[in-house]
Amino acid sequence: MKRSYLGVIALCTTLLLNIVFMQLAVHQYFYENYAATLIYTVLNIMLFPLAVIIYKREKNKGGSQSDEKRNVS
Amino acid sequence: MANHNDQRPFKEDNYTHNINRNDERMLDRRGFMKTMAGAAGVFAVASLPWGAVAAKELMGLSEKEYPHHKIAAIKDIPVGESVKFDYPGDHDSALLIRLSEEKYAAYQNACTHLQCPVFWEKEEKEMICPCHHGKFDAATGAPTAGPPRRPLPEIKVRVKDGAVYAVGVKRYET
């Protein structure tokens with residue numbers, strides 16, 4: 001069975017960005033750069049729909065030829 | 001149990017013969033991706049309170065109102081001199097320093113080390129705590145020498161009608 005790891009890699013990247021933005025938001029809050037905190041918070045929130053979109057697009061990718069046919073129907 | 005699948009047609013005496021219980025909870029590719037999307041959702045929810053408190057700070061909701069208090073007339077403070085006053089309460093001693101013709105700085109003068117009163121040393125242009133020789137930068141209130149590690153809490157001042165007024169206290173840094 002052939003597997004598509006594109007979605008796995010993309011979702012891992014989104015989660016890494018999540019961690020990075022979270023860290024930056026918290027740090028900028030304690031450095032009293034509140035506008036920067038807001039920007040990172042919004043970025044963090046926008047990563048969630050992105051992750052859901054990636055999941056929906058990628059969940060049926062890969063597999064053998066017969067598998068793909070079955071998923072299309 | 002004997003293997004029913006050897007017989008054609010096999011004897012169907014139960015409905016669970018095709019379930020391999022060891023593999024039931026295996027994390028496959030799709031399950032992993034679902035977990036990752038869920039984790040992104042957890043992060044999105046977790047960052048909400050940070051955004052909320054930052055927005056609250058930006059809108060100035062946590063700024064406290066302080067009464068305006070006249071410290072001294074400008075003509076009574078030569079450049080490089082300091083004036084002692086009490087702000088915001090009667091027992092919160094504070095120090096106003098005229099750094100230059102236009103520039104004033106005011107701090108609550110309890111040393112951030114052990115609360116000794118800090119005074120302004122005109123010749124050395126530094127604020128000095130006599131207890132343990134802590135020194136503070138007069139322009140920023142930041143500690144420059146000695147045991148104190150935190151800056152002095154700054155008092156906001158405003159010049160109005162030929163006098164210097166204290167209008168607020170910046171939040172104490174922990």
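This write-up is about the structure you can find in this document. (Residues numbered from 1 in each chain as written. Chains lettered and ligands numbered in written order. Predicted model: local features only at pLDDT ≥ 70, side-chain atom pairs only at ≥ 80, totals over all residues. Heavy atoms only, no water.)

### Some details on helix 1 (residues 6-30) of chain A
(1) Moving on: The terminal C-alpha atoms of helix 1 of chain A, which comprises 25 residues, lie 37 Å apart, in line with the 36 Å expected from a rise of 1.5 Å per residue.
(2) Moving on: Of all the residues in helix 1 of chain A, the buried ones are A:Gly7, A:Val8, A:Leu11, A:Thr14, A:Leu15, A:Asn18, A:Phe21, A:Met22, A:Ala25, A:Val26, A:Gln28 and A:Tyr29.
(3) Moving on: For helix 1 of chain A, the elements touching its buried residues are helix 2 (34-58) of chain A together with helix 1 (29-58) of chain B.
(4) Moving on: Of the residues one or two after helix 1 of chain A, A:Glu32 is the one with positive phi, at around 65 degrees. (Helix = DSSP H or I, 4+ residues; strand = E, 2+ residues; numbered from the N terminus. Expected span 1.5 Å × (residues − 1). Buried < 20%, exposed > 50% of the residue type's maximum accessible area, 1.4 Å probe, protein only. Contact = heavy atoms within 4.5 Å.)

### Details of the interface of chain B and chain A
(1) Moving on: Across the boundary between the two partners, chain B contributes 22 residues, which contact 27 residues of chain A.
(2) Moving on: The contact between chain B and chain A buries some 2,400 Å² in all, and 78% of this surface belongs to carbon and sulfur atoms.
(3) Moving on: Area buried by chain B at its contact with chain A is led by B:Arg29, B:Phe43 and B:Trp50, which between them contribute 29% of it.
(4) Moving on: At the junction of chain B with chain A, the criterion picks out zero salt bridges.
(5) Moving on: One can count six residue pairs in polar contact (both at pLDDT 80 or more) joining chain B with chain A. (Buried area = accessible area lost by both parts, 1.4 Å probe. Salt bridge = Lys/Arg side-chain N within 4 Å of Asp/Glu carboxyl O. Polar contact = N/O pair within 3.5 Å; in protein donor to acceptor, adjacent residues only side chain to side chain.)

### Remarks on the nonpolar core
Residue and element names in this part refer to chain B.
(1) Moving on: Ranked by internal contacts, the top residues of the largest apolar core, which has 15 residues, are Ile71, Ile77, Phe85, Tyr87, Leu96 and Ile155.
(2) Moving on: For this core, the secondary-structure elements that each account for two or more residues are strand 1 (69-73), strand 2 (82-86), strand 3 (93-98), strand 4 (104-108) and strand 10 (163-169).
(3) Moving on: For this core, the element with the most residues is strand 10, which contributes three residues.
(4) Moving on: Membership of the second largest hydrophobic core comes to 13 residues, among which are Tyr107, Val118, Met127 and Phe136. (Core = buried A, V, L, I, M, F, W, Y, C linked by side-chain atoms within 4.5 Å.)

### As for the pairing of strand 4 of chain B
All names here are of chain B.
(1) Moving on: With respect to burial, strand 4 is a largely interior element, five of its five residues being buried.
(2) Moving on: Of the two faces of strand 4, the one holding Tyr104, Ala106 and Gln108 and the one holding Ala105 and Tyr107 are both buried throughout.
(3) Moving on: Pairing between strand 3 and strand 4: five bridges, direction antiparallel. Opposite Ala94, over in strand 4, you have Gln108 as the bridge partner.
(4) Moving on: If you look at the hairpin formed by strand 3 and strand 4, you'll find five residues sitting between the two strands.
(5) Moving on: Here two bridges tie strand 4 to strand 9 (residues 154-160), and the two strands are oriented antiparallel to one another. The residue of strand 9 that forms the bridge with Tyr107 is Glu154. (Pairing = 2+ DSSP bridges.)

### Considerations on the state of the cysteines
In protein structure, a disulfide is the covalent linkage between the sulfur atoms of two cysteines.
All names here are of chain B.
(1) Moving on: One pass over the full model with this rule turns up one disulfide over all chains.
(2) Moving on: With its sulfur 1.9 Å from that of its partner, Cys116 forms a disulfide with Cys131. Taking the torsion about the S-S bond as the criterion, the Cys116 to Cys131 disulfide, at about -95 degrees, is left-handed. A residue pair is termed long-range when its members are at least 10 positions apart, and Cys116 in the loop between strand 4 and strand 5 (119-121) and Cys131 in the loop between strand 6 (126-129) and strand 7 (134-136) qualify at 15 residues. (Disulfide = S-S within 2.5 Å.)

### Some thoughts on the sheet that holds strand 1 of chain B
Residue and element names in this part refer to chain B.
(1) Moving on: The strand order 1-10-9-4-3-2 describes an open sheet built from six strands, whose pairing is antiparallel. At either end of the open sheet lies a strand with only one pairing partner, and these are strand 1 and strand 2. Strand-to-strand twist of the sheet, defined as the mean angle between neighbouring strand axes without regard to direction, takes the value 30 degrees.
(2) Moving on: Alignment of strand 9 against strand 10, held across six bridges, turns out to be antiparallel. (Axes fitted to C-alpha atoms, helices over the stretch in contact; angles between N-to-C directions.)

### A look at the packing of helix 1 of chain A against helix 1 of chain B
(1) Moving on: Relative orientation of the contacting elements helix 1 of chain A and helix 1 of chain B amounts to 20 degrees, with a least axis distance of 10 Å. As judged from the angle between their axes, helix 1 of chain A and helix 1 of chain B are roughly parallel. Between helix 1 of chain A and helix 1 of chain B lies a crossing of left-handed hand.
(2) Moving on: When the residues that make up the contact of helix 1 of chain A with helix 1 of chain B are grouped by side-chain class, the tally is 20 nonpolar, three polar and two charged. (Parallel < 35°, antiparallel > 145°, perpendicular 65-115°, else oblique. Left-handed = near helix turned anticlockwise from the far one by under 90°. Nonpolar A, V, L, I, M, F, W, Y, C, P; charged D, E, K, R; others polar.)

### Notes on the side chain of B:Thr112
Residues and elements named next belong to chain B.
(1) Moving on: Along the polypeptide, Thr112 turns up in the loop between strand 4 and strand 5.
(2) Moving on: Residue Thr112 is classed as buried on the basis of its relative accessible area of 4%.
(3) Moving on: At a separation of 2.7 Å, a polar atom in the side chain of Thr112 contacts the main-chain carbonyl oxygen of Arg150.

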